[in-house]
Amino acid sequence: MAEQQQLQPGQTEEPAETGFFDRLFSGDKPLWIIVISLAIISLLVVYSSTASMAYKNAGGNTAHYFFNQLKFIAIGFVIMWFVHRINYQRYVRFTVVLFILALGFMLLTFVIGVNLNSASRWIRIPIIGMTFQPSDFMRVTLVALLAQQLAKRQKVIDKIPILPALTPGGWRKNPRKNRDILFDTTIPLLGPVVVACGAIFFSNFSTAALTFFTCWVMLFIGRVRVRELWRLIALVVVVMAAAVTVMYMFNIGRSHTWVNRLGLGDALSKTEQVQVQNDEDNLQEEQAQIAIASGGITGKGPGNSTQRSNLPHAYSDFAYAFSVEEYGLVGSCLILFLYLCVFFRGIVIFQRCGTALPSLLVLGLSLMITLQALINMMVSVGYFPVTGQTLPLISLGGSSVVFTSLSLGIILGVSRQMKEQSLDRPKGESLLE
């Protein structure tokens, strides 16, 4: 009998991926299963929640929106598969260019954007007539750019401030040091965050806040000093409060809607437009509560919803409430579990990474998807103000499905590379060294 080959020190024995599905769906297998499960749930929810609407708007074709969603999921899976086969280092080097491109699309929304809910958030693509939301593209590029900038500074990031002095006296005390901090750290590291969140802020407050919080967590995991992070929070709170106050006083954008959704607006100063929006929000919340209460433990079953015609946006903003009605507490817990698993698998892949860049990239993207899902769920159950956040990969939509798939493809690509690489790292060494 042939003598078995001995493993060299530091070498680990891993099973070869020889099966067809192993070669086709390389990377983190549990994450692939989670994504496929969410896609199946999406098709069930979209078909059931849009059947009546499709019958009215598509000449009796009750499967019209179902096939649209199926098309976008298919496109998303193609993108996911191709991206996960690409070395992340190949496209990360173009993050600055992609970020500038995304910013250009964001600025175009203020000029040629499609108006929905009093906000220009979409751009209609000529000839094919499809619309997409540039903020989805910008958030992905921002996470990649921030991960890249943090990775470059890992050797010194825990020893230097990321913000210069915030008072005139502090600047006068050491102007040269403050200038160095501003141009060497603040602008490269926080500049993209400020620009992206500022561009998103005017049309979508909740998305801007979600994006900032994701970046803040990345800064924390990226070993920025806690004192600096609290300084950043304080600065953002002051700037945001001042901006919203000015916008509210001069009735700019959707500031009145934001303030009243938070319960901070004076009832006597509500404009007619804001009152209409508040009435719609209240209707959505009430109908969502009815849908959830009537779902019970096991739900009414697929296609048996009685709220699909009463619950506005049952296929998008309130897809979770609709899911509870048809699939009950059991189905809603399964959906919550799947999204938590997305984040858990992101943490697992994060721990397998040997360097800061892929670690932070995976963490940021998985956190962004999970947080958006949790906010949608909290809105549906009445624990959060109405925001308009969709349920990633489940809600009806084009750009949301595509860019969520892009993010998942990047995560799967990093996991694939970590499996293929032989990491000879001493036990206990920091992942972010």
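Residues numbered from 1 in each chain as written. Predicted model: local features only at pLDDT ≥ 70, side-chain atom pairs only at ≥ 80, totals over all residues. Heavy atoms only, no water.

*Asks:* Explain the packing of aromatic side chains to me, and be specific about the residues and the numbers.
*Replies:* The tally for this structure, following the rule as stated, stands at 11 aromatic pairs. Between lysine 71 and the ring centre of phenylalanine 72, over which it is positioned, the NZ or CZ distance is 5.0 Å. (Phe/Tyr/Trp six-rings, centres within 6.5 Å; stacked < 30°, edge-to-face > 60°. Lys NZ or Arg CZ within 6 Å of the ring centre and 35° of its normal.)

*Asks:* Lay out the packing of helix α6 (residues 134-152) against helix α14 (residues 356-380) in plain terms, naming residues and giving numbers.
*Replies:* Following both chains from N to C, one finds α6 and α14 inclined at 145 degrees, their axes separated by 8 Å at the closest point. Crossing angle aside, the handedness with which α6 passes α14 is right-handed. Taking contact as the criterion, the partners of Arg139, Val140, Val143, Ala144, Ala147, Gln148, Leu150 and Ala151 in α6 are, on α14, Ala356, Leu357, Leu360, Leu361, Gly364, Leu365, Met368 and Gln372. (Axes fitted to C-alpha atoms, helices over the stretch in contact; angles between N-to-C directions. Helix = DSSP H or I, 4+ residues; strand = E, 2+ residues; numbered from the N terminus. Left-handed = near helix turned anticlockwise from the far one by under 90°. Contact = heavy atoms within 4.5 Å.)

*Asks:* Tell me what's going on with the pattern of salt bridges, and back it up with residues and numbers.
*Replies:* Applying the stated criterion across every chain, the model contains seven salt bridges. Across the pair arginine 139 and aspartate 136 runs a salt bridge, and its minimum N-O distance is 3.4 Å. Remark: aspartate 136 and arginine 139 occur in helix α6; sequence separation between them is three residues, near one turn of the helix. A residue is classified by how much of its surface remains accessible, and aspartate 136, at 9% relative accessible area, is buried. (Salt bridge = Lys/Arg side-chain N within 4 Å of Asp/Glu carboxyl O. Buried < 20%, exposed > 50% of the residue type's maximum accessible area, 1.4 Å probe, protein only.)

*Asks:* Go over the nonpolar core with me, naming the residues and quoting the values.
*Replies:* Residues Leu150, Leu219, Leu361 and Leu408 are the most contacted members of the largest nonpolar core, which totals 100 residues. Per-element accounting of this core gives the leading share, 14 residues, to α14. (Core = buried A, V, L, I, M, F, W, Y, C linked by side-chain atoms within 4.5 Å.)

*Asks:* Please give an account of helix α2 (residues 29-57) that cites residues and values.
*Replies:* Its 29 residues give α2 an end-to-end C-alpha distance of 40 Å, which sits within 8% of 42 Å, the value for a rise of 1.5 Å per residue. In the structure, α2 departs most strongly from a straight axis at alanine 51, where the bend amounts to approximately 55 degrees. Its side-chain oxygen placed 3.0 Å from the backbone nitrogen of leucine 31, aspartate 28 serves as the N-cap of α2. In the segment just after α2, glycine 59 is the residue with positive phi, at about 65 degrees. (Expected span 1.5 Å × (residues − 1). Bend = angle between axes of the 7 residues up to and from the residue. Polar contact = N/O pair within 3.5 Å; in protein donor to acceptor, adjacent residues only side chain to side chain.)

*Asks:* A description of the environment of valine 97 should follow, citing residues and the corresponding values.
*Replies:* Counting through the fold element by element, valine 97 comes out in helix α5 (residues 95-112). Along the primary structure valine 97 and leucine 145 are separated by 48 residues, whereas in three dimensions their C-alpha atoms are 9.9 Å apart.

*Asks:* How would you sum up a nonpolar patch on the surface? Please name residues and give values.
*Replies:* On the surface, a cluster of nonpolar side chains totalling about 590 Å² of accessible area is made up of Leu107, Leu108, Phe110, Val111, Ile112 and Phe202. With respect to the element layout, phenylalanine 110 can be found in helix α5. (Patch = residues over 30% accessible without salt bridge, like charges linked within 9 Å, V, L, I, M, F, W, Y side chains within 5 Å. Areas by Shrake-Rupley, 256 points an atom, 1.4 Å probe, with all protein chains shown as cover.)

*Asks:* Tell me about the packing of α6 against helix α9 (residues 205-221), residues and numbers included.
*Replies:* Close contact between α6 and α9 brings their axes to 11 Å; oriented N to C, the two are set at 20 degrees. On the basis of their axis angle, the class for α6 and α9 is roughly parallel. For the pair α6 and α9, the sense of crossing is right-handed. When α6 is examined against α9, the residues Arg139, Leu142, Val143, Leu146, Ala147 and Leu150 are found in contact with a partner set consisting of Thr207, Leu210, Thr211, Thr214, Cys215, Met218 and Leu219. Class assignment for the residues of the contact of α6 with α9 results in nine nonpolar, three polar and one charged. (Parallel < 35°, antiparallel > 145°, perpendicular 65-115°, else oblique. Nonpolar A, V, L, I, M, F, W, Y, C, P; charged D, E, K, R; others polar.)

Read these as layout, nothing more, since geometry by itself doesn't imply function.
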